[in-house]
Amino acid sequence: MKIDKNTINKIARLSRIKLDDKESEDYINDLNSILDWVEQLNEVNTANVEPLSNISSSILPKREDVSKDANSSEEILENAPDKLEGFFAVPKVVE
Amino acid sequence: MNNLIKGEKHDWEMVIGLEIHAQVKSNSKLFSSSSTKFGSSPNSQVSLVDAAMPGMLPVINKYCVEQAVKTGVGLKAKINNYSVFDRKNYFYADLPQGYQISQYKYPIVGEGKVTIDFKDGTSKDIRIVRLHLEQDAGKSLHDQNPSKTYVDLNRSGVALMEIVSEPDIRTPEEAGMYISKIRSILMYLDTCDGNMQEGSLRADVNISVRKPGDEYGTRCEIKNLNSIKFIKQAINYEAKRQIEILESGGSIEQNTMLFNTSTGKTRPMRNKEEAHDYRYFPDPDLLPLEISEEEIGKIKLTIPDLPDELKNKFIETYRLSNYDASVLTAEKQTSDYFNETIDSDLELKNHAKIVVNWITSELFSLLNKNNLDLNNSPVSPKNLAQLIKLISTNEISGKIAKDVLEDMFSSGKTARQIVDEKGLQQVTDQDEIEKVIDEVIAENPKMVEQYFAGKDKLLGFFVGQAMKLTKGKANPKMLNDILKLKLIKKN
C-alpha cells in the first residue's frame, strides 16, 4: 500500500488537521516508510491465526456500579475557550 | 396479509432493519463513576475520563456487562465468552475522545430472535444479528444561538446496548411492533427504563424497497428516531420517496437521513464524499472482555418471566384469551398490577376475565382521562380486588361499580367505604323488587296495554323505570325475571 496526496488529504480531513504542502509531503514520506517496514510482516503466513487484540495476559479489571457525585461543571469547563451557563460553546456544527 | 405498497407501475415491498440503542439502567457510566441521572444541570456529571482529559483510563462497569448479558439471554441470543472493545473514530464536538468505545468484530452478544404477535393470532420471528456495548456521546444544542453550538457532556460515556436486527421487517407496523416488543422485554428484564421521551430507547432505521422476489435494493439509514409514531412516519415517507425515484427511472443513493418531526419528511444528513470512515481498531486501553459459563449461569438465574412466557402462563392458569393475555403482558406494570389484584383474593382466580376487563377497560380509561399510568394509579390493586369481589358476590351491580370506581379514583376511599356510605348495596330482596314493579305497572297502564298488543321491546322501558325507582340498585337479573313473570300473570 502506498500513501499518496489524496490519502493524506483524506486522513487530514477526518482528523480535522490542516496540512500545508510541505507538511503533506513530509507525512507522505513518513507514513510510507512506516508502512514499508510493517509490510515485512506480510511474509508470515497468518491464514489460521486469530487477530490479536492485546498482548497482556492479565484480566480486564472491573468496577462496581457506584456513582460518585462529581458536581464537575466548574472544573470541567475551566479550560474551555468559550462557555455559557454551564455549556461548552463551540463554533456552530451544521449537520 | 398483504404487505405490498402500490406504485404507479407495480407493487413494491419494503425491507426494514432496526438498530436500537437502549441505555443500560445503571447508576454510573460504562467506563467512569459519573452519575447517569437524567435532567441534571449541564456538565455536572462529567469525570475527567468522560471529558477525555489526557492520561485518563477507562475502567469497565461490571454491572453494565451483566445487564448486557441478561438482555442477550432475554433475546434468546448466544452470549459470547470473549468480546473486544474497539475505537470507532469520528470527529464531532460532543465526542471529546475523538472516538466512541464500541464493539465491532467481537460483540458481547450474538444471534438471537424476537417474536411479534399480530392481532389475527399469527406471529413472526425477527432475527437479531447482535447486541454490543458502547458509549453514548454528549448532547449538542444547535438551535440556541445562530453562530454557536452548545455542548453538554452529561450523557457522554453512558452505557448503551445497540441491538441490531436482520432486515426481516416488511411494514411500518411490524417495525412498531418489533420495537415495542424489545422495549417490553428490556423493561421486564429491568435492564433499560424504556423511556423513549428521555432518549433511553431510540432507533436508527435501515430501509430499502424492491419488487417482490428481487434482491435487496440500496438502503438508506434514518437516524435517531425516539418514538414509535415517528418510526412509522419516517418509514412511510422514506419508502414513498424511494419508490418515486425508482419509478421515474432514477437510482437510490446510499445515504444517512434525518427525520424532521414537524414536517414528517426525511432529508440526507451527509453526502457521499463525507461518508464516515470510522477506522475501527481494538482499544489499547482495554483488555478483551471475558465471561465464563459460570458467570452467565448466575445471570440466567436472575431472569424473570418474560412477556411471552408470562402470556402462556396466563392463558393456562386463568384460561384467558390470547388477546387478553397479550394486552396484560405487553407492559410489565400491567401484568404486575394484574398479578397483585388477583393474588389479593383467592376467589378472584375464578373471575380472571372480569379482573382483566376492569383493569384494561374501566381503570385504563380513567387513567387515560387523567394522564396517569398504572404506576401512579390512585386505585391500588388491593382496592380494585375488593371492588370486583363486591360485584362477583352480587353485592353491587356492575353498573353501579363503575360509579364506585370513579369515586375511588377521585376520593381515594375503598369500595367498601363508598358502598356503605352511599347505601349502594344491590337490592336482592324479592318483596322489595316486586313492590317496585307493581308500582311501575300501575303507573303505566297504556304501556302495559301496548306490550300485550305485541310491543315486546317495551320490556326495556319497564326495566328502566324500575331501575330508576331503585336508583339503579335492583339486581338486574332478578328484576328482569320478576317483571316477565308479572307481565305474564297479568295477561
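Residue numbers here run from 1 along each chain, matching the order of that chain's written sequence. Ligands are numbered from 1 and chains lettered from A, in the order in which they are written. The model is predicted, so local features are restricted to residues of pLDDT at least 70 and side-chain atom pairs to those at 80 or more, both for listing and for counting; the totals for chains, interfaces and linings are taken over all residues.

Draft legend 1. Looking closely at the overall build of chain B. Counting its regular elements, chain B contains 15 helices and 17 strands. Note on method: radius of gyration uses C-alpha positions; expected globular size equals 2.2 Å times residues raised to 0.38. Whereas a compact globule of 491 residues would reach a radius of gyration of roughly 23 Å, chain B reaches 30 Å, over 25% beyond that. With respect to the principal axes defined by its C-alpha atoms, chain B has extents near 95 × 55 × 50 Å. Here the C-beta atoms are placed from the backbone, and a residue counts as buried if at least 20 other C-beta atoms lie within 10 Å of its own, exposed if 12 or fewer do, and partly exposed otherwise. When the 491 residues of chain B are sorted by exposure, 40% land in the buried category. Any pair of residues counts as being in contact when their C-beta atoms, constructed from backbone geometry, are within 7 Å of one another. Considering only contacts within chain B whose residues lie at least 6 apart along the sequence, 68% involve residues at least 24 apart. Helix numbering and strand numbering both begin at the N terminus, where a helix is a DSSP run of H or I of at least 4 residues and a strand a DSSP run of E of at least 2.

Draft legend 2. Inspection of the interface of chain B and chain A at higher detail. Taken residue by residue, the interface counts 39 residues in chain B and 33 residues in chain A. Looking at the side of chain B that touches chain A, the element that brings in the most residues is strand β10 (residues 148-152) of chain B, giving 5 residues. Taken together, the residues of the side of chain B that touches chain A sort by class into 18 nonpolar, 16 polar and 5 charged. One bridge is not enough; two strands pair if DSSP finds at least two bridges between them. Relative to strand β3 (residues 60-61) of chain B, strand β1 (residues 62-63) of chain A runs parallel, the two being bridged by 2 bridges. Paired with K62(A) across the bridge in β3(B) is I60(B). Throughout this entry, Asp, Glu, Lys and Arg are counted as charged residues, while Ala, Val, Leu, Ile, Met, Phe, Trp, Tyr, Cys and Pro are counted as nonpolar. The remaining residues, Gly among them, count as polar.

Draft legend 3. Up close: the sheet that holds strand β5 (residues 86-89) of chain B. Strand order across the open sheet formed by 3 strands is β6-β5-β16 (chain B), with antiparallel pairing between neighbours. Each having just a single partner strand, β6 (99-102) and β16 (281-282) of chain B make up the two edges of the open sheet.

Draft legend 4. View of the environment of A52(B). Residue and element names in this part refer to chain B. Within the secondary structure, A52 is located in the loop between β2 (11-23) and β3. Between the alpha carbons of A52 and Q97 there is a distance of 5.1 Å; along the sequence they are 45 residues apart. Beyond its immediate stretch of four places on either side in the chain, A52 contacts P96 and Q97.

Draft legend 5. Representation of unusual backbone geometry in the model. Of note in the backbone geometry, R16(A) takes a positive phi value of approximately 55° without being a glycine. Among the structural elements, R16(A) can be located in the loop between α1 (5-14) and α2 (21-39). Of note in this structure, K471(B) is not a glycine but carries a positive phi near 55°. Checked against the element boundaries, K471(B) lands in the loop between α14 (458-469) and α15 (476-490). Judged by C-beta crowding, with 12 C-beta atoms within 10 Å, K471(B) ranks as exposed.

Draft legend 6. Layout of the pairing of β5(B). Across 4 bridges, the pairing between β5(B) and β6(B) is antiparallel. What sits directly across from N89(B), in β6(B), is Y99(B).

Draft legend 7. Quick peek at the environment of L374(B). Residues and elements named next belong to chain B. Within the element layout of this structure, L374 appears in the loop between α8 (352-369) and α9 (381-392). Put simply, L374 and G55 are 319 residues apart on the chain and 48 Å apart in space, counted from C-alpha to C-alpha. With sequence-adjacent residues up to four places away left out, L374 is seen in contact with Q333, T334, Y337 and L367.

Draft legend 8. Structural view of the pairing of strand β7 (residues 112-117) of chain B. Residues and elements named next belong to chain B. Side-chain alternation along β7 places G112, V114 and I116 on a buried face and K113, T115 and D117 on a face that remains uncovered. One ladder, built from 6 bridges, connects β7 with strand β8 (residues 123-135); its direction is antiparallel. From the neighbouring strand, K113 faces β8, where its bridge partner is R127. Between the end of β7 and the start of β8, which pair antiparallel, lie 5 residues, with G121 showing a positive phi angle near 95°.

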